[in-house]
Amino acid sequence: MAEHPNQLEVEPAGFALARERSAGGPSRKGALLDRRPGAATRFFTHPVTLRIVSAAALCLAWQWAGTVPISPAFPTFTETMAALWAMLADGSLFAAFAITLQPLLIGLVVSAILGVAVGVAMGLDERAEWFASPIFIVAQAAPLAALIPLIVFAYGIGLTSKTLVVCIMAMPVIVLNSFAAVRHTPVSLTEMGRSFLAPRRKVISRIILPAASPVIFAGLRLGCASGFIGAILAELLITPTGVGDIITYSRSIADYPSMYAAILSIIVFSVVFIEAIEQAEVILFRPEKRASP
Amino acid sequence: MNAPIALTAARPVTDSVVEVRNLDKIYAGTVQALKDITVDFPRGQLTSLLGPSGCGKTTLLKIIAGLLPASAGEVRVNGKVVSGPGPERAFVFQDFALMPWASVIKNVTFGLEMRGMAKAEREEIARRSIARVGLAGFENRYPHELSGGMRQRVGLARALCVDADVVMMDEPFSAVDEQNRRKFQEELLTLVAQEKKTFIFVTHSIEEAVYVSDRIVLLSPRPGRIAEIIEPDINRDGDTEAIRRHPVYLDTVDAIWYSLKTYLD
Ligand SMILES: Nc1ncnc2c1ncn2[C@@H]1O[C@H](COP(=O)(O)OP(=O)(O)OP(=O)(O)O)[C@@H](O)[C@H]1O
Ligand SMILES: [Mg+2]
């Protein structure tokens, strides 16, 4: 929000200049006027407008694809919205989210805390790196969904297994990003810390972690996105509960609008959640981004 | 110990804050960056390290700062052997080394904060130091809002406010344009005259070295050795502009150029 007053302060000055000049030189008047964005142009190029237009285009394309239809199992946008509304109205979607969110949130919190801790430790200490990096590099490359039967075999079909699936999906990218972030702290910054007599723990807390935080947070966002996939995957592959249950059940009775409504709701929730992490990062750790964009 | 010390029997009145003795630096077991460096840095003067790129100026400066270990030999500061960074030395980094997430004042107070000074006191000192380098009013800006030259001044303010005996600067003016560079050089002269500090200044500009230095240590390229030590006899009390027309200034620039030319092929 802070950005707008700033921009407004700068722009009118430039426009005033343009207006003055156009009054002085009639031959160049047209060119200068063209360059001055009017209220309409500003409205149409505003980030919020553009995002709404982009979303609207997507919905229209969806509607069109549904009416063609590209597949009998592909509902139109309006049908899906109606189904979504019905699920919201009778509260079934909320009940489903309450179930799905349990393994998801537990798994994400555990992955975030443990993942950042392990990644930062690996970045700070080479022994920790040698010990842990093979595990997570393999984990990131392997198709982890294939491990789900093994997990069920070991931990049953309850909350534990589902939480584990979320962790397995979310952790590797969080760990590896945190590790890379810490490793790539600019050497001159840590040297600056040492030369101004910061003890090791201050170099870590005041220089290395703040310097690493953008990449750590990028890892957290990616990890959360994977965690969401993990939660739904667990509900589809282990036992149908929560949102996964709506998806499975509506597909089995060919209620495709409800199925797509459930998928859409989880996507929207995921996007909002990840956006919230980004906002939290800027508010907590990047004062310079708040000061000026 | 050896010749250079014995020869300083007729030592000038100034004492040496920093003494470097028989210093060697070998990187990664193979690259010999410095070889048998023995040199003194007199108190209250500005000494430049001058030499072609890659001759080990930054390496020598970082060893004196205690940021790099020497492979052999020792550095003494105020008579004590250096084993790491210390409160009597402050560093101005070539690439500024400012924390992008911290405002100017937070960057400048960093050193004082690490020394355990209370917030009100350190901000008071930092404000004075910021004003000193001509950045008053920019206390709450962030580094990315400043020009290269302004960032360099923040680094300088940070080094000045910890009140160290020795201020080390690694090519502090390399990121600014020629006009600003000249302006900063003049300001540096004023600073040296006013502060009772010892400055060690790295540069690869001959003109800059002769303009600002009381003493110039000329290094030869790899392995870095001391080629020559020059003390240009220029009176800097009067007009700072006049220095660039001073015959000694012009002669010294020429002499150094002829010395360095022999390394070019
Ligand atoms: N970390 C390192 N590992 C191996 N070799 C290094 C390292 N740092 C510097 N060197 C080598 O040591 C020599 C001296 O480097 P140094 O950075 O001290 O030069 P310099 O005189 O400061 O050069 P410039 O004027 O370009 O800054 C160079 O040949 C360089 O290749
Ligand atoms: Mg250098």
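How each quantity is defined
Residues numbered from 1 in each chain as written. Chains lettered and ligands numbered in written order. Predicted model: local features only at pLDDT ≥ 70, side-chain atom pairs only at ≥ 80, totals over all residues. Heavy atoms only, no water. Contact = heavy atoms within 4.5 Å. Buried area = accessible area lost by both parts, 1.4 Å probe. Salt bridge = Lys/Arg side-chain N within 4 Å of Asp/Glu carboxyl O. Polar contact = N/O pair within 3.5 Å; in protein donor to acceptor, adjacent residues only side chain to side chain. Helix = DSSP H or I, 4+ residues; strand = E, 2+ residues; numbered from the N terminus. Nonpolar A, V, L, I, M, F, W, Y, C, P; charged D, E, K, R; others polar. Pairing = 2+ DSSP bridges. Axes fitted to C-alpha atoms, helices over the stretch in contact; angles between N-to-C directions. Phe/Tyr/Trp six-rings, centres within 6.5 Å; stacked < 30°, edge-to-face > 60°. Buried < 20%, exposed > 50% of the residue type's maximum accessible area, 1.4 Å probe, protein only. pLDDT = per-residue confidence, 0-100.

**Q** Before we move on, can you summarise the interface of chain A and chain B with the specific residues and values?
**A** Across the contact, 21 residues belong to chain A and 27 residues belong to chain B. With both chains or domains summed, chain A and chain B bury close to 2,100 Å², and 66% of this area falls on carbon and sulfur atoms. Sorting the residues of chain A by area buried against chain B places Phe196, Leu197 and Arg206 of chain A first, and these three jointly supply 33% of that buried surface. Run the count over chain A and chain B and you get 2 salt bridges. The salt bridge partner of glutamate 191 of chain A is lysine 62 of chain B, with a shortest N-O separation of 2.9 Å. Our count for the chain A to chain B interface comes out at 4 residue pairs in polar contact (both at pLDDT 80 or more). The set of elements that each furnish at least two residues to the side of chain A that touches chain B consists of helix H10 (187-195), helix H11 (200-237) and helix H14 (287-291) of chain A. Looking at side-chain class alone, the side of chain A that touches chain B contains 12 nonpolar, 4 polar and 5 charged residues.

**Q** A description of the sheet that holds strand E10 (residues 225-230) of chain B should follow, citing residues and the corresponding values.
**A** Residues and elements named next belong to chain B. Pairing is mixed across the open sheet formed by 6 strands, whose spatial order is E6-E7-E8-E3-E9-E10. Each of the sheet's edge strands pairs with one partner strand only, and the pair in question is strand E6 (89-92) and E10. For this sheet, the mean inter-axis angle between neighbouring strands, taken without regard to orientation, is 20°. In terms of strand pairing, strand E3 (residues 46-50) meets strand E8 (residues 198-203) through 5 bridges, oriented parallel. What sits directly across from leucine 50, in E8, is threonine 203.

**Q** Can you explain the sheet that holds strand E5 (residues 80-81) of chain B? Please cite residues and give values.
**A** Residue and element names in this part refer to chain B. Taken in spatial order, the 4 strands make up an open sheet running E2-E1-E4-E5, and their pairing is antiparallel. Every interior strand has two partners, whereas the edge strands, strand E2 (31-42) and E5, have only one. Pairing of strand E1 (residues 16-27) with E2, which is carried by 8 bridges, proceeds in the antiparallel orientation. Within E2, the residue paired with glutamate 19 across the bridge is aspartate 40. Here helix H2 (residues 57-65) sits on the sheet and contacts E1, E2 and strand E4 (72-77); the angle it forms with E1, its principal contact strand, is near 120°.

**Q** Explain the packing of aromatic side chains to me, using residue names and the numbers behind them.
**A** Residue and element names in this part refer to chain A. Following the criterion strictly, the structure yields 11 aromatic pairs over all chains and no others. Seen from their ring centres, phenylalanine 74 and tyrosine 260 are 5.3 Å apart, and the 85° between their planes marks the pair as edge-to-face. Taken together, the residues span a long stretch of sequence, with phenylalanine 74 in the loop between helix H4 (47-67) and helix H5 (77-89) and tyrosine 260 in helix H13 (residues 256-285) at a distance of 186 residues. Relative accessible area serves as the criterion here: at 23%, tyrosine 260 is assigned to the partly exposed category.

**Q** An account of H10 of chain A is needed here, citing residue identities and associated values.
**A** With respect to burial, H10 of chain A is a largely interior element, 7 of its 9 residues being buried. Those residues of H10 of chain A lying buried are Ser188, Leu189, Thr190, Glu191, Met192, Gly193 and Ser195 of chain A. In this structure, the buried side of H10 of chain A is in contact with H11 of chain A together with H2, E6, helix H3 (104-114) and helix H5 (148-161) of chain B. Following H10 of chain A by one or two positions, leucine 197 of chain A has its phi on the positive side, about 70°.

**Q** Tell me about the pattern of salt bridges, and name the residues and values.
**A** Residue and element names in this part refer to chain B. Taken as a whole and assessed by the stated rule, the structure comprises 19 salt bridges over all chains. Across the salt bridge formed by glutamate 88 and arginine 89, the nearest N and O atoms sit 2.8 Å from each other. Connected through shared salt-bridge partners, Arg132, Asp163, Glu195 and Lys197 make up one network.

**Q** So what about the confidence of the model for chain B? Which residues, and what values?
**A** Residues and elements named next belong to chain B. Averaged over all residues, the pLDDT of chain B equals 86, while 94% of them reach at least 70. Looking over chain B, one finds the lowest element-wise mean pLDDT in helix H1 (residues 3-7), namely 34, and the highest in H3, namely 95. Within the model, the stretch residues 1-11 combines pLDDT values under 50 with 7 contacts to residues more than four positions away or in other chains. Scoring the predicted complex yields pTM 0.82 and, for the interface, ipTM 0.87.

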